[in-house]
Structures are given as structure tokens and as C-alpha cells.
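Structural characterization, general
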Amino acid sequence: MEQTKTQQEISARRLLKRLRDVMIQETSVQEKLNKIVEIVAEELHTHVCSFYFLQPGDILELFASYGLKANAVHETMLRMGEGLIGEIAVQKKALSFPDVWDHPSFVYRPETGEKLFKSLMGVPVLKGSQLLGVLAVQTEESHDYEEDEIDILETVAMLLAQMLVSADFESKSDHIVKPKKDLQSRLEGVRLVSGMAVGKAYIHNRVARVTDVVSSNEGTELKRLNIALEKMDKELGEMLASPDINDENAEIFETYRMFTKDKGWIQKITDYIHSGLTAEASVQKVADDIAERMSMIADPYLKERIHDFQDLADRLRQHLAGRNIIEKNKRLNQNTILVAKSMGPAEFLDYDRTKIKAVLLEEGSPTMHAVIVAKSLGIPVIGSLPGIDSFIQKGDTIAVDGDNGFVFVNPAEDVLTDFNARLDLLKKLRKKYEKLKDVKCQTLDGIPISLNINAGLAVDMLTLGDGMADGIGLYRTELPFMSTAQLPDTQTQTEIYKRALINANGKPVVFRTLDIGSDKVLPYLQHRAEENPAMGWRSIRISLDRRSILRAQLRAFIRAVNGADLYIMFPMIADIDEFIDAKKTLEIELQRESEKGRTLPKTIKVGTMLEVPSLTFQLRELLPLVDFISIGSNDLSQFLFATDRSDPTIWERYDALSAPMLRALKYIADTCEEFNVPCSVCGEMAGKPLDAMALVALGIRRLSMNASSLGAVKAMVLSMNAAEVREYLLSILSSKSHSLREKLRNFAVDHGIVI
Ligand code: PEP
Ligand code: MG
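If you're wondering where the values come from, they're calculated on a predicted model, not measured in any experiment. (Residues numbered from 1 in each chain as written. Chains lettered and ligands numbered in written order. Predicted model: local features only at pLDDT ≥ 70, side-chain atom pairs only at ≥ 80, totals over all residues. Heavy atoms only, no water.)

1. Description of the overall build of the chain
Put simply, the test is: Here a strand is any run of E in DSSP of at least two residues, a helix any run of H or I of at least four, and the numbering for each starts at the N terminus. Burial classes follow relative accessibility: with a 1.4 Å probe on protein chains only, a residue under 20% of its type's maximum area counts as buried, one over 50% as exposed, and anything between as partly exposed. A contact between two residues is defined here by any heavy atoms of the two lying within 4.5 Å. Accessible areas in this description were obtained via Shrake-Rupley with a 1.4 Å probe; residue shielding takes into account the shown protein chains only.
Secondary structure summary: the chain contains 29 helices and 22 strands in total. The buried share of the chain, reckoned over its 755 residues, is 56%. Considering only residue pairs separated by 6 or more positions, the chain has 67% of its internal contacts joining residues 24 or more positions apart. When the accessible area of the chain is evaluated, it comes to approximately 33200 Å², of which 51% is carbon and sulfur surface.

2. Focus: the nonpolar core
As a reminder of what qualifies: As used in this record, nonpolar core signifies buried Ala, Val, Leu, Ile, Met, Phe, Trp, Tyr and Cys residues forming a set joined through side-chain atoms within 4.5 Å.
By size, the foremost hydrophobic cluster in this structure holds 193 residues, and its most contacted members are Val40, Phe51, Trp265, Phe348, Phe570, Ile629 and Leu703. Per element, the largest residue contribution to this core is 11 residues, and it comes from helix α4 (residues 147–164). In contact with Trp265, not counting residues within four places along its chain, are Leu229, Met232, Phe259, Thr260, Val286, Ile290, Leu312 and Leu316. By size, the runner-up hydrophobic cluster in this structure holds 22 residues, among which are Val73, Leu95, Phe117 and Leu131.

3. Here's the deal with the side chain of Arg555
Positionally, Arg555 belongs in helix α20 (residues 547–561). Note on Arg555: relative accessible area 15%, which makes it buried. Contact partners of Arg555, with chain neighbours within four places excluded, come to Thr490, Glu589 and Glu593.

4. Digging into the sheet that holds strand β12 (residues 381–383)
Think of a sheet as strands paired side by side through backbone hydrogen bonds, with each pair either parallel or antiparallel. For the record, the criterion: At least two DSSP bridges between two strands are required for those strands to pair. Throughout, an axis means a line fitted to C-alpha atoms (over the contacting stretch in the case of helices), and angles, computed between N-to-C directions, take values from 0 to 180 degrees.
Pairing in this open sheet of 8 strands is mixed, and the strands run β7-β14-β13-β9-β10-β11-β12-β8 from one edge to the other. On the outer flanks of this sheet lie β7 (185–188) and β8 (190–193), each paired with one strand and no other. Going across the sheet, the axis of each strand differs from the next one's by a mean of 30 degrees, ignoring polarity. The pairing of β7 with strand β14 (residues 406–409) spans 4 bridges and is antiparallel.

5. Notes on the packing of helix α28 (residues 722–732) against helix α29 (residues 741–750)
Geometry of a packed helix pair, given as the angle between the helix axes and the separation of the axes. Put simply, the rule reads: Each angle gets one of four labels, with under 35 degrees taken as roughly parallel, over 145 as roughly antiparallel, 65 to 115 as roughly perpendicular, and the rest as oblique. For a crossing to be left-handed, the near helix must be turned anticlockwise from the far one by less than a right angle; the clockwise case is right-handed.
For the pair α28 and α29, interaxial distance at closest approach is 11 Å and the crossing angle is 155 degrees. Classed by the angle they form, the pair α28 and α29 counts as roughly antiparallel. Where α28 crosses over α29, the handedness of that crossing is right-handed. Counting all contacts with α28, which are made through Glu724, Val725, Tyr728, Leu729 and Ile732, the residues of α29 involved are Lys743, Leu744 and Phe747.

6. Observations concerning the site of ligand 1
We count it as follows: Throughout, near means a residue has at least one heavy atom within 4 Å of the molecule or strand. Any N or O atom pair separated by 3.5 Å or less is treated as a polar contact, with the protein-specific requirement of one donor-capable and one acceptor-capable atom, and with residues adjacent in sequence counted only for side-chain atom pairs.
For ligand 1, the set of nearby residues contains 14 residues, the closest of which are Arg476, Arg512, Gly632, Asn634 and Arg645. Asn634 has a polar backbone atom sitting 2.8 Å from an oxygen atom of ligand 1. A distance of 3.0 Å separates an oxygen atom of ligand 1 from a polar backbone atom of Asp635. Looking at the shell around ligand 1, the elements that each hand over two or more residues are β16 (472–476) and α24 (633–640). Broken down by element, the shell around ligand 1 gets its largest block of residues, 3 residues, from α24.

7. Considering the coordination of the magnesium ion (ligand 2)
Rules: Distances decide who is a donor: an N, O or S atom must be within 2.8 Å of the metal, or within 3.2 Å for Na, K and Ca. Water is not included, so sites may look incomplete.
All of the protein donors around the magnesium ion (ligand 2) are Glu611 (OE) and Asp635 (OD); their distances to the metal are 2.1 to 2.2 Å. One end of the pair, Glu611, is in the loop between β19 (604–610) and α22 (613–616); the other, Asp635, is in helix α24, with 24 residues separating them in the sequence. Across the pair, Asp635 and Glu611 agree in class, each one buried.

8. Looking at the sheet that holds strand β6 (residues 130–139)
Overall, antiparallel pairing links the 6 strands, which are arranged β3-β2-β1-β6-β5-β4 in an open sheet. The sheet is open, and its two edges are formed by β3 (77–79) and β4 (95–97), each paired on a single side. Averaged over all pairs of adjacent strands, the angle between strand axes in this sheet comes to 25 degrees, irrespective of strand direction. Pairing analysis gives 3 bridges linking strand β2 (residues 59–66) to β3, with the strands arranged antiparallel. Residue pairing for β3: Ile59 is matched across the bridge by Arg79. Where helix α2 (residues 29–44) meets the sheet, it contacts β1 (48–55), β2 and β6, and its direction lies at approximately 65 degrees from that of β2. Packed onto the sheet, α4 meets β1, β5 (119–127) and β6 and runs at close to 40 degrees relative to β5.

9. A look at helix α18 (residues 490–504)
Formally: A helix is expected to span 1.5 Å for every residue after the first. The arc under discussion is defined with respect to the helix axis, by the directions toward the C-beta atoms.
Taking 1.5 Å per residue as the helical rise, α18 with its 15 residues ought to reach 21 Å, and the 21 Å between its terminal C-alpha atoms agrees with that figure. Looking only at α18, the buried set comprises Thr490, Gln493, Thr494, Ile496, Tyr497, Ala500, Leu501 and Ala504. Angular distribution of buried residues about the axis of α18 spans 165 degrees; they occupy a single face of the element. In α18, the exposed positions that point more than 90 degrees away from the buried face belong to Gln491 and Ile502.

10. Points about empty space enclosed by the protein
Rules: Here a cavity denotes a set of grid points, spaced 1 Å apart and computed over the protein atoms alone, in which a 1.4 Å probe fits but from which it cannot get out, and a pocket denotes an open set meeting protein on both sides within 12 Å along at least five of seven lines; residues with an atom within 4 Å of a point are reported as lining. Grid points are joined across faces, edges and corners, and a volume is the space filled by probe spheres set on the points. Three classes are used: nonpolar for Ala, Val, Leu, Ile, Met, Phe, Trp, Tyr, Cys and Pro, charged for Asp, Glu, Lys and Arg, and polar for all others, with Gly counted as polar.
For the structure on display, the rule yields 5 cavities of 30 Å³ or more. In this structure, the largest cavity occupies an estimated 100 Å³ of space. Lining the largest cavity are 13 residues, and of these Tyr52, Leu78, Ile85, Val107 and Glu114 lie nearest its centre. With 3 residues, helix α3 (residues 83–91) is the largest single contributor of residues to the lining of the largest cavity. Broken down by class, the residue content of the lining of the largest cavity amounts to 7 nonpolar, 3 polar and 3 charged.

Encoded structure:
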């Protein structure tokens, strides 16, 4: 197999041409496979080439072979993970072994006559991420396979995959799971963006398969590539100017667009065109290479970027095929539920977003760009729905309960009626809540309650303009950090915070310093794998260890308020020292800004989140030092009950409306009152009417929540008598029950409290 680079290029081209000739012949798939393995062995100068086909039951059947004993074909079966072929199938990646006899996983099958062969190289045959089989070559002598050889075999595997999923073979194969028509079912996924919707399914296809792999004219392919690149760049430019692009997602698209000009990327595509592939196949090949490399990276943020690269490759291939988004959008139902395996941000925005009522994803996580963009547009998203795109068919009726992560496929009449009734009710309630806008927010016994919103995405701000909120009780600053490839500098941050202040229209904005770590990973911060990331190097711990990040952020806050009032809070403070240290850094920054002659804030209020239980036991010492406390009930209950908040299997195991949590909250509220320090709650509890009722009863006077919860919580506040609820709540606090929720709910219903 000793060849020079040019010789290899020539033989790769010849190989592809020979394979194409076989594929267009009017012969059976088995005959084609027999011929293909023979050609591959000949062109790669190997003694063996075999194809193992994945059969139902996860069995790899030797389906065609040149070089192994003919009797072994259709007789030799390997399980997934069995032997080196099984290993390649499990890992779904190319592996090569100079001498298989040295390898502990090698399994010798006498019927194949393999005794003669030493080296082995195999590649998975994939349709998307679905394994179809394994293609392998072997030689008698020991041999170290080179990158180029692996590349050629991978290209052949791509061609094979193409052929195997072609129409006539597909119908005979059990591999392709046919969706069951008119199936009624309920699927459970993970809530990524909450909300409800009913509509017709539209399956987002990751662009049709590459049908033409081998090119007939290199020059034409290069020209087509350049034209497609130009068109794509122009289109992304137009997308950036669209009204759907807001502060946060603009950065996503800028970075994304830069990639389209990346010389390395374009060069790699060009190289594949030179090797004899069509432009489409070359783009796909480079995307596959990137995906394979990135799939080995542990960092979840970088893993998510695979979707962006796929998106870009698909978009380029669409341009090569003559893309027509307008036609696609015309075909969409007014109420469309978009169903996808995964998605990049630009792919998502290709759809007419006024028609998209919800998105269902097979994969997906809160940090996926398409999810961030959907959230910024207020579109519910459910993720972690394995096999969803083969389970649901275009046109199926889908009801989405984004709050609970449920998807109803072709729901029965009664489910649909119930859903529509709930949607109607939501609409009516929204209208009713609008009327409460100018009503003073106070309980029946005259206790004023301040309602605020949790923000961090531009769309959250729109509701503040409706006048229901007194301000922003929690401004999460991490999203702009997560959506870009590098740390936003002070100037960029200043602009973002300035816009938040402008949108808040003079109402207070409580900026929380970076709460990164746990599930929110920044690609540019060195992140080693952690056993328990929620309790690891995160939040204020990172800010204090990487002081320059904290300093830049504090500077940006100071500059953004530009002489007005500044509210800052630090997250995840676990001991007083951390707070003192962080506050000292703020003082230093104020001093520096003053020395530079910059305008300092008129007033500065510095507080801390209370979300780590240890801080509760230092409250009396902490309170004289802070201007306010904000209880992060999400993290506080996570740590109080030792339940991972990101693990849906234990979400409902413990209830925040239970004696331990409520007692902790009561102690915090009472102590803050004693020290005359304002105390708010900004976790999810604040936005749920029944939970908020309990919080008010315990003495909490400030609540901060998602904008969509404001109306319901205000209606609850207006209908409750705080003293009455408190008396009842205190009377049941010593209960041994797992939860006090039912008791509180009954009380609310009996007393006409709107929950
Ligand atoms: C909380 O922990 O309750 C909180 C508001 O912070 P986050 O949800 O951003 O962790
Ligand atoms: Mg928190």
C-alpha cells in the first residue's frame, strides 16, 4: 500500500468512478455489494474487503466479502461490540489495527479463513447518525493505515450508505422504522422553553441525502461551490437585519457568519472536490469530519456547536441544490409544531416564526443555540424526545404541554378539547390580567407586594413595558456570555446592560454577576470534567478565581448606569467572606472608575442571592453588610433536599411547599425583617401562584418571576388576606406530611384565593 500522495489521489478518483459504474447497473443489491467489495480491495491493494450489515437485534451479518471464505457470507454474525468489527459499530468511528492478533478484542472466526490476515481497518456505514453496517479491509502483512486510506474508505462508506437506503432496498429492509399512522400517544421529554400549543406537525428535514457523490467535472463543482457560498453569505447578511434578531441572538449569527468565510473550512471542501467528489458530497464529508471530531469533546457547550456546523453545511447544500425558503414557508400550517432531530439557529429562523407555535427536538439542551433563539422569541420547546422525527408524521395533530414536557400525538378528542379549553382560558386570563395592570398590587389586608421580572433575554423586557412589573428583580447576565465564542469585553457588556436599562425605562434593574458553571459552560473558560458540576467550580467561585472577568463585568455595570442607581447581586455566595471579597472588588472598581474621571452611580445597592443553605446559618452576621437579599429558591431547594435540579427523574420527589423548605424561608424572612433588610424571592416559586401565596404569608414582600407569570401572581395577591393565610400556614408548619401543597390549595380554594 506504499503510494505517493498523487498516486493515492488518482486511485481515489478511479475507485469512485468504478464504484459509480457499478451502482448505476441494473443488478441486485447483493450483486452490487459483491462487486463493490472486490473493487475496493483491488484499488486499495488489500487482500480482503468485507461489508457487515446491521440486522435487527443488533447483529452484524457478514453480507459481502472479497477475500474471506465465500461460505462465511451470511453465516458469520457478530454482536455489537463483539470483536473489532463490533467495536467499530459501537464507536461509530473509523478504527485501524496494524496487527489484530495483538489486540485483546479480536475474535477469530475460523469459518472466515481470517487466520491469514494481520491488519484491519474498518469504518462505520452511517445514514445520518444511524448505523447501517461496517466496511472493513484486511491485509496479510502488518500495516499502519494512513489518514488518506481511512478517508477513502469513509468516502466509499458514504456511497454505500447512499445505495443501501435507496428506495427498492429500503422497502425490504427492517432497518428503517416506519412511523405508525394515526398513532395516539403521549411522549415525555424535557422542558426547554415552557408554554402550551396545539398545531400540525412539520418535520424539519436536515436537507435531502446527497444523491450525487462522484463528480464528472471538477471545475464545474468548484464554480458551483463559490456561487453557493456567495448566496449563503448574502442570505445570512439579510437574516441579521431581520426583526427577529435581537441583542443576544445577533451575536450568535455574527459568529456563525464568520465561519462561512473560514479559509480552512472552504479549503477542506475544495480538497474533497479535487479528490473527485461533487460539491454537495464534499460539504457533507467536511461536516461529518467536524462532527466526528467534536463528538469526542466532553465540553457540552462545544458539543452543542455541532448543530451549528451541521446547520451551515445543510444550508450550503441547499444553496447548491437551489434553495427556496419561501416555498417551504407557504406550505406551513398557521399553527405549526416543528419537529426536528436537532437544529441550528439559522435553520430555525428560516421558518416563518409567526406560524411556529412550538418546537420538539430529539436532542436539544438549554444551551443549544436554536433553543436560546426560540426562547428569545417566546416559542415553547421540548427536548430529549428520542426517535421523534420518525415517530411523528407531517400533518399529525400535536398538543404540546411545554410546562410539563408532554407531547400528545394525534390526541383523542377529549384531550384535544381539554387542551383547546386550556389555551382559550389562557387567552381569556391574559385579557383579564391586562385589566389588572393599573390596579395597585396589594393583599386584601393592604400589604403592598412588589412584582418584578427575571430577565436576561430581550423579549422579557417587552412585558415590563406593559407596566405590570416594578422592575427587574433578577437580570441574568450569563446568556450573552454563552452565545458567543469568546468573553464579551467591557465595551460589549456595557452596551448590553445599557440596553437593558433603557428597556426598563427608569425602573430598577438588579444585575446579577455571572452565574456560569454547572450546566452553563463557557467554551473559553478551561473546564475540566466535574463529578458534580452544580456544586463545583461555578458562579461566584469562578468570578473570584478569575478576578478579571468579575472586574470587567462590574466596570460594565458602573459604566452602563452612567450616574443613575446601580443594583448588583452576587450569586452562589456560600460564606460571608466571599461576599466581602466580591464587594471589595466592586469598591476597587468604583475607585478606579472615579480616578479615570468617569461618572459614578448615584446610589449603589449591593446584595446577595441566598441559594446555598450554609448562608442561612450566617445570616445574622451577613445582614449588617448587605443592602438586600434575594432568595434563589431553585438552587436553595436543590441543595436543601440534595436533589439535582437538572435531573427530571427526581424533579417531583420533594416539594418546596413542605415543612423543611417553608421553615427555612420563614427563618430567612423573619431575620431579614429583624435587621430591616429587604428580602425577595427570585426562583421559580415566586412565579407560581400557590407557592407565591405561601411566600407572601411568610413575610416576603418582593417577588421576581418570568414575565408570563406576572398576571396570575398579581391576581392571587389581590385575592389573598396575608394575615389569614399566615395564621393557617403557621398552624400546619409542624406537619409531618411530605408536602403541604394540598392543604394550602384547599385553603386557597375555600377562601376564594385565585391560584
Ligand atoms: C435560583 O437558583 O433560584 C435562581 C433564581 O438562580 P438560577 O435559576 O439562575 O440558578
Ligand atoms: Mg441559582
